[in-house]
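# Analysis of the macromolecular model
Residue-level listing of the chains:
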Amino acid sequence: RAHPQRRLALAALLAGLLVAWLHVTETKLMVVASAAGQLRNHYFEIVNDPEYARWRYRRQPIMMIPLRENEDFAGHPDAPHTLVVFIDFQCPACKLAHERVAELVEQHGDVIRVVFRHYPQDAECNRQYQVGGRPASCRAARATEAARLVGGATGFAKMRNLLYERQHDLELNRFNDWATELGLDATAFAEAMESPAAADRIQADIELGTQLGIDKMPALFLNGRRVEHWRNPETWAALLGLDEPQPPPASQPQPGS
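First, a word on scope: everything that follows refers to the structure included in this document. If you're wondering where the values come from, they're calculated on a predicted model, not measured in any experiment.

With that settled, the discussion passes to the overall build of the protein. Tallying secondary structure elements over the protein gives eight helices and five strands in all. Going from N to C terminus, the protein has its helices and strands arranged as α-α-β-β-α-β-α-α-α-α-β-β-α. When contacts within the protein are restricted to residue pairs at least 6 apart in sequence, long-range pairs at least 24 apart make up 74% of them. If you sum the accessible surface of the protein, you get close to 15600 Å²; carbon and sulfur atoms cover 55% of it.

Right under this line is the structure:
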């Protein structure tokens, strides 16, 4: 036939229009994605700027965060700056914060001391998470407190580090095996896991975090003020005043002078 049937011609026309629409849509999506990428990059340039982070930090209200008697500190116990870190062992950002804080203590432990508090995003022990949340967070918090009861501050630190290393395996509930691996008494650890002392300490931290208005994790408070942008090491140098010019050391008298 010299000409196609009407249905075939209509189908060809619609197909052509569809291809044209898809091409225009794809072009628009590429433009939007490019603009979104540029905006995202610009956002991170701003929040990673130490001066901006310091400006945001100084705008935060000072919160009263009490310390416990005989507090376990990472860093020098008499350091001039105190950092309180609320942690959740299943939170990926909390793991990153844990690594950043460990670097901070290693490099500047003489000027900062770190205190850890629990805020598991888990309905098992935190009423703020009745739906959803992270189903192994409460048990993980209990494991660290049980390690503290059995092995002191060293046991707490070892279990805390191990749980972040094995973050993806927490739902396996192998805390007793891991305690044995760390050299903790298995029977004492199992009893401590179910003890009121461990549960009460975690609950006290959760109540404190709720009073402070924690709405996302991790939550870091330096000298009572919330630190929102903590990823850049240079930010910490700015917050601790380490980027400011230091006075020259006092000259020492020379022998015979």
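Counted under the stated rule, the structure contains four aromatic pairs. Arranged with centres 6.0 Å apart and planes meeting at 75°, the rings of Phe86 and Phe221 form a pair that is edge-to-face. With Phe86 in strand S2 (residues 81-87) and Phe221 in strand S4 (residues 219-222), this pair connects stretches of sequence that are 135 residues apart. When sorted by exposure, Phe86 lands in the same class as Phe221, which is buried. Between Phe89 and Tyr164, the ring centres sit 5.0 Å apart and the planes meet at 45°, which makes this aromatic pair tilted. In this pair, Phe89 is assigned in the loop between S2 and helix H3 (92-108) and Tyr164 in helix H4 (residues 137-165), connecting sequence segments 75 residues apart. The exposure class assigned to Tyr164 is buried, which follows from its relative accessible area of 2%. Geometry around Phe116 places Arg160 over its ring, the cationic atom sitting 3.9 Å from the centre.

Within the largest apolar cluster, 57 residues are counted, with the highest numbers of intra-cluster contacts made by Leu83, Phe86 and Phe189. Ranked by residue count, the leading element in this core is H4, at eleven residues. The contact partners of Phe86, leaving out residues within four places of it in the chain, are Arg117, His118, Tyr119, Asp205, Leu208, Gly209, Leu212, Ile214, Met217, Pro218, Ala219 and Phe221.

What describes two packed helices is the angle between their axes and the distance between those same axes. Across the interface, H4 lies against helix H6 (residues 186-193) with an axial gap of 9 Å and an inter-helix angle of 135°. In this view, H4 runs oblique relative to H6, as classed from their interaxial angle. At the point where H4 passes H6, the crossing takes the right-handed sense. Along the contact surface, H4 presents Arg139, Arg142, Ala143, Ala146, Ala147, Leu149, Val150 and Met159, while H6 presents Ala188, Phe189, Ala192 and Met193. Here the residues of the contact of H4 with H6 are counted per class, giving ten nonpolar, no polar and two charged.

This part covers H4. Taking 1.5 Å per residue, 29 residues should reach 42 Å; H4 reaches only 14 Å between its end C-alpha atoms and comes up short. Most pronounced at Gly151, the bend in H4 amounts to some 145°.

The subject of this paragraph is the sheet that holds strand S1 (residues 74-75). Taken together, five strands build an open sheet; the order of strands is S1-S3-S2-S4-S5 and the sheet is mixed. Single-partner strands in this sheet number two, and they are S1 and strand S5 (225-227). In this structure, S1 lies alongside strand S3 (residues 112-118), joined through two bridges in antiparallel fashion. Across the sheet, residue Gly75 finds its bridge partner in S3, namely Arg113. Across the sheet, H4 touches S2 and S3, and the angle it forms with S3 is around 95°.

Throughout the structure, instances matching the rule amount to one disulfide. Covalently, Cys125 is tied to Cys138 through a disulfide, its sulfur atoms 1.9 Å apart. Judged by the sign of its S-S torsion, about -85°, the cystine formed by Cys125 and Cys138 is left-handed. Of this pair, Cys125 sits in the loop between S3 and H4 while Cys138 sits in helix H4, and the two are 13 residues apart along the sequence. Judged by relative accessible area, Cys125 falls into the buried class, the value being 18%.

Turning our attention to empty space enclosed by the protein. A full pass over the atoms with the stated rule returns one cavity of 30 Å³ or more. Together, Ala53, Arg56, Tyr57, Gln60, Arg226, Val227, Glu228, His229 and Leu239 line the largest cavity. Elements supplying a minimum of two residues to the lining of the largest cavity: helix H2 (50-58) and S5. Split by residue class, the lining of the largest cavity holds four nonpolar, two polar and three charged.

Conventions adopted
- Residues numbered from 1 in each chain as written.
- Predicted model: local features only at pLDDT ≥ 70, side-chain atom pairs only at ≥ 80, totals over all residues.
- Heavy atoms only, no water.
- Helix = DSSP H or I, 4+ residues; strand = E, 2+ residues; numbered from the N terminus.
- Contact = heavy atoms within 4.5 Å.
- Areas by Shrake-Rupley, 256 points an atom, 1.4 Å probe, with all protein chains shown as cover.
- Phe/Tyr/Trp six-rings, centres within 6.5 Å; stacked < 30°, edge-to-face > 60°.
- Buried < 20%, exposed > 50% of the residue type's maximum accessible area, 1.4 Å probe, protein only.
- Lys NZ or Arg CZ within 6 Å of the ring centre and 35° of its normal.
- Core = buried A, V, L, I, M, F, W, Y, C linked by side-chain atoms within 4.5 Å.
- Axes fitted to C-alpha atoms, helices over the stretch in contact; angles between N-to-C directions.
- Parallel < 35°, antiparallel > 145°, perpendicular 65-115°, else oblique.
- Left-handed = near helix turned anticlockwise from the far one by under 90°.
- Nonpolar A, V, L, I, M, F, W, Y, C, P; charged D, E, K, R; others polar.
- Expected span 1.5 Å × (residues − 1).
- Bend = angle between axes of the 7 residues up to and from the residue.
- Pairing = 2+ DSSP bridges.
- Disulfide = S-S within 2.5 Å.
- 1 Å grid on protein atoms, 1.4 Å probe; cavity = no way out; pocket = protein on both sides within 12 Å on 5 of 7 lines; lining within 4 Å.
- Points joined across faces, edges and corners; volume = space filled by probe spheres on them.

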